[in-house]
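# An overview of the molecular structure
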Amino acid sequence: MDESMDFENTTLLRDFNETQPIHEWSPFICDGPLHMRTYKISLYLNNLRFNGHGSSKKKAKIDAVKNFKLFTLNHDNSKDNHTVESDVLVEKRKFTDDIENPPLKKFVTKHQVTEHQTSAICILHEIFSGQTLVYEHEQSHGILETISVMVSGNKYIGHGKSKKEAKEIACRNALKSLCDAQPIDNKFKDQIEMLRTDYNDAKIIDHFARITDMVYQKLEFNQIKFKEYSVIASIIKITKDDLRSAQVICLATGTKCLSGNYLSLSGESLHDCHAEILTRRCLLKFFYKELMESVKGLPSIFISDDKNCKFKLAEDIAFHLYINTAPCGEARVFSFCDTEHQFNRLNRGLLRSKIENGAGTVSVFGREVQTYDGVAQGERLVTMSCSDKLTRWNVLGLQGNLLSNFVKPIYLESISIGSIFNINHMKRTIYGRVENFIDKLPQDYKLQKPQLRGYGILPRRSVTQPPHSVNWIIDEGIEIIKGSMGRTVENRLSRVCKTSLATEYIKLCSATNNPPTLIENETNIFYDSLKNKNNDYVAAKNELLSTFKSLNLGTWVHKPEELKSFELNVGNAINKIDKIL
């Protein structure tokens, strides 16, 4: 008897899905003790809500479908349709209070992108009932599905963890845009207004994602395996706050960090090949090129200041970071299933690190110091998380230590996240955890609060991470890095490793006739000596790291000191200047 009832209910749910393809479900609400769970859910269909509950999620859905069937039957048999509909809506409002304002002990077990009574798909089809809306599955090499919808000759793009979710977001973007261009039925005014609240942010994220993907798809690879990625990041330059001027300056795809077997005592290996870290190193290379252009009197983003051999960034230029998913560490670890909303828990805000050959991050406690001989004997190499490095950039600037001798700190104007975005966790990560405690920064340094925007959807799980990382700089082509080695696939030095960037710095010192920035009357100099010459940068860094420590958030784990004390041949670099100028 029970088995036949079970089969009948399963058939009921299957038949409903086939006959009513356009419907939406609310998130589940779970209540009761562990041994006696009760699930509640609401079905949205034809602008009405039908509630269901049961001892399992499936039974709750079946109960909602039964209520829909019962309403349909009563509605067809009733002579007074308004009376029946009124009864349903009264019950709907009563149940809504329970669903949307549950007791604190209840928790949401499933997050969905659709939170409104009627989906954007339904609204769009009803408003444009006389048109055939064309959907296309767009090519996407990332971890999200991409769907487009063509409405009145215009294409609107949506990204989501599934085709259904991407389709919903595409329709949302269409509605948000179209309601500015033409009058919309008052019937949907309030719901569209809700959709519009985040339209500007969504428009920017989608635009950044699109232009990043456009650049990436045009790159030429000699092997298709190099083109695969799970994480991609880009830095975008915008002039005069005009989104139409957005230009991808550099991008990178991510892979795991360096293996301890390939540590270099001469600065020739890349330690961290995560996408956002490599992208920022590419930006440094771009900065050096632009500074040299300014020295030669050519158009550049930098303006020369002849008084002190320094440069400043043109006032109308800003830089924005796009990552297709949340950075590893603090910004990411709590965002997968954030149901507790206990943002002040003791484990929030801690510094975290990546572990050699491992996925994810761990707390730095117990890993405060690493030594070269320890790594050589088998200790796993520790690298600080991307979240923590982003915090650092928002205090010390993108330009880093060496370039601080020539330019003032350059900060990100915004950070856009394509998935796993949680505004509370991002704010805490980027500036919130040190906001009220870091106040002794040198002149020109500050705690930057970039605009944060993103999608909270969960991406499709990437089972394997490619072993290769691609980086690209505008007008300079691509470079493919083998992450475990920290060198190119041809076993050459990367153009953005320590040695390569330090050489660019020496060239700039010579080109600006500013040798005191190095050390006078010496042909060789140690890399760590260069890094210690900028007192303001060192003071700002020490203030940030001591703030982390004083707040019991952990100690920043540095690479072994031996990796910083390599020599740079100043003479060889200077001899190359004549060929450049």
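Residues numbered from 1 in each chain as written. Predicted model: local features only at pLDDT ≥ 70, side-chain atom pairs only at ≥ 80, totals over all residues. Heavy atoms only, no water.

### Topic: the overall build of the protein
If you tally the helices and strands in the protein, you get 18 helices and 23 strands. If you take every contact in the protein between residues at least 6 apart in sequence, the share linking residues at least 24 apart comes to 65%. (Helix = DSSP H or I, 4+ residues; strand = E, 2+ residues; numbered from the N terminus. Contact = heavy atoms within 4.5 Å.)

### Observations regarding the sheet that holds strand 7 (residues 145-151)
Either a parallel or an antiparallel arrangement is found when strands of a sheet pair, and the pairing is made through backbone hydrogen bonds. Pairing is antiparallel across the open sheet formed by 3 strands, whose spatial order is 6-7-8. For this open sheet the edge positions go to strand 6 (134-137) and strand 8 (154-160), each flanked by a neighbour on one side alone. Neighbouring strand axes in the sheet, compared pairwise and without regard to direction, differ in orientation by 25° on average. With 4 bridges joining them, strand 6 and strand 7 adopt antiparallel strand pairing. By the bridge assignment for strand 7, Tyr135 is matched with Val149. (Pairing = 2+ DSSP bridges. Axes fitted to C-alpha atoms, helices over the stretch in contact; angles between N-to-C directions.)

### Some details on the layout of surface pockets
Over the atoms, a rolled probe matching the size of one water molecule traces out where space is still vacant. Estimates place the volume of the second largest pocket at around 1,000 Å³. Taken together, 38 residues form the lining of the second largest pocket, with Arg281, Arg392, Lys498, Tyr527 and Lys531 sitting closest to its centre. Put simply, the parts of the chain that give the lining of the second largest pocket at least two residues each are helix 8 (275-295), strand 16 (382-384), helix 11 (386-396), helix 12 (400-403), helix 14 (498-511), helix 15 (527-531) and helix 16 (535-550). By residue number, the principal contributor to the lining of the second largest pocket is helix 8, which donates 5 residues. By residue class, the composition of the lining of the second largest pocket is 17 nonpolar, 9 polar and 12 charged. (1 Å grid on protein atoms, 1.4 Å probe; cavity = no way out; pocket = protein on both sides within 12 Å on 5 of 7 lines; lining within 4 Å. Points joined across faces, edges and corners; volume = space filled by probe spheres on them. Nonpolar A, V, L, I, M, F, W, Y, C, P; charged D, E, K, R; others polar.)

### Examining helix 16
In an α-helix, one turn spans 3.6 residues; hence positions three or four apart end up facing the same way. When the terminal C-alpha atoms of helix 16 are compared, their 22 Å separation across 16 residues agrees well with the 22 Å that a helix rising 1.5 Å per residue should span. When helix 16 is considered as a whole, its buried residues turn out to be Tyr537, Val538, Ala540, Glu543, Leu544, Leu545, Thr547 and Phe548. (Expected span 1.5 Å × (residues − 1). Buried < 20%, exposed > 50% of the residue type's maximum accessible area, 1.4 Å probe, protein only.)

### Details of the sheet that holds strand 20 (residues 477-482)
The strand order across the open sheet formed by 8 strands is 18-17-13-9-10-19-20-21, and the pairing between neighbours is mixed. The sheet terminates laterally at strand 18 (451-454) and strand 21 (487-488), the two strands that pair on one side only.

### Things to note about the packing of aromatic side chains
On inspection of all chains with the given rule, the structure shows 15 aromatic pairs. For the pair Tyr216 and Tyr229, a centre-to-centre distance of 5.2 Å together with 85° between the ring planes defines the contact as edge-to-face. Placement of Tyr216 in helix 7 (residues 199-218) and of Tyr229 in the loop between helix 7 and strand 9 (232-239) is noted, with a sequence separation of 13 residues between them. Take Tyr216: its relative accessible area is 0%, and that puts it in the buried class. Taking the centre distance of 5.6 Å and the plane angle of 75° together, the rings of Phe287 and Phe319 count as edge-to-face. In this pair, Phe287 sits in helix 8 while Phe319 sits in strand 13 (residues 317-323), placing the two residues 32 residues apart along the sequence. (Phe/Tyr/Trp six-rings, centres within 6.5 Å; stacked < 30°, edge-to-face > 60°.)

### Structural notes on the confidence of the model for the protein
Residues at a pLDDT of 70 or more form 78% of the protein, whose mean pLDDT is 80. The model gives residues 79-117 a pLDDT under 50, and that stretch makes 65 contacts with residues more than four places away or in other chains. A low-confidence stretch, residues 576-581 stays under pLDDT 50, and its non-local contacts, those more than four residues away or across chains, total 9 contacts. (pLDDT = per-residue confidence, 0-100.)

### Some points on the nonpolar core
Judged by nonpolar contacts, the single largest core of 111 residues is most densely connected at Leu283, Phe287, Phe319 and Ile415. When residues in this core are grouped by element, the largest group, 11 residues, is from helix 8. Within the second largest apolar cluster, 17 residues are counted, among which are Tyr39, Leu48, Ile62 and Val65. (Core = buried A, V, L, I, M, F, W, Y, C linked by side-chain atoms within 4.5 Å.)

### Things to note about unusual backbone geometry
Positive phi values are uncommon outside glycine, yet Ile420 reaches one of about 55°. Along the polypeptide, Ile420 turns up in the loop between strand 17 (412-417) and helix 13 (423-432). With phi around 80°, Asp444 is a residue other than glycine that occupies positive phi space. With respect to the helices and strands, Asp444 occurs in the loop between helix 13 and strand 18.

### As for the packing of helix 8 against helix 11
Between helix 8 and helix 11, the shortest axis-to-axis distance is 9 Å and the interhelical angle comes to 35°. Along the contact surface, helix 8 presents Glu276, Ile277 and Arg280, while helix 11 presents Cys386, Lys389 and Trp393. Among the residues making up the contact of helix 8 with helix 11, the classes are represented as 3 nonpolar, no polar and 3 charged.

### Quick look at the pattern of salt bridges
Tallying each qualifying case throughout the model produces 13 salt bridges. One salt bridge in this structure joins Lys155 and Glu138, with 3.1 Å as the shortest N-O distance. Here Lys155, found in strand 8, pairs with Glu138, found in the loop between strand 6 and strand 7; they are 17 residues apart in sequence, far enough to count as distant. With a closest N to O distance of 2.8 Å, Asp272 and Lys389 form a salt bridge. Highlighted residues: Asp272 in the loop between strand 10 (247-253) and helix 8 and Lys389 in helix 11, separated in sequence by 117 residues. The same class applies to Asp272 and to Lys389, which are both buried. (Salt bridge = Lys/Arg side-chain N within 4 Å of Asp/Glu carboxyl O.)

### Here's the deal with the side chain of Arg280
The topology assignment puts Arg280 in helix 8. Residues within four places of Arg280 in sequence aside, it is in contact with Ile235, Trp393, Gly397, Leu398, Gln399 and Gly400.

### Thoughts on the state of the cysteines
Tallied over the entire structure, the rule returns 0 disulfides. We note that Cys328 lacks a disulfide partner, and the nearest cysteine sulfur, in Cys386, lies 3.6 Å from it. For Cys386, a relative accessible area of 1% gives the class buried. (Disulfide = S-S within 2.5 Å.)

### Here we look at the pairing of strand 18
In regular strands, side chains alternate between the two faces of the sheet. Both strand 17 and strand 18 contribute to a ladder of 4 bridges, which runs parallel. Residue Ile417 lies in a different strand from strand 18, and its bridge partner there is Gly454. In this fold, the crossover linking strand 17 to strand 18 by way of helix 13 has right-handed handedness. (Right-handed = clockwise from strand over helix to strand, strands pointing away.)

### Some words on the side chain of Arg392
By the element assignment, Arg392 lies in helix 11. No salt bridge forms around the buried Arg392; measuring N to O, its nearest opposite-charge neighbour Asp388 is 10 Å away. When near neighbours in sequence (up to four residues on either side) are disregarded, Arg392 contacts Gly397, Tyr537, Lys541, Leu544 and Trp556. (Lys, Arg positive; Asp, Glu negative; His and termini not counted.)

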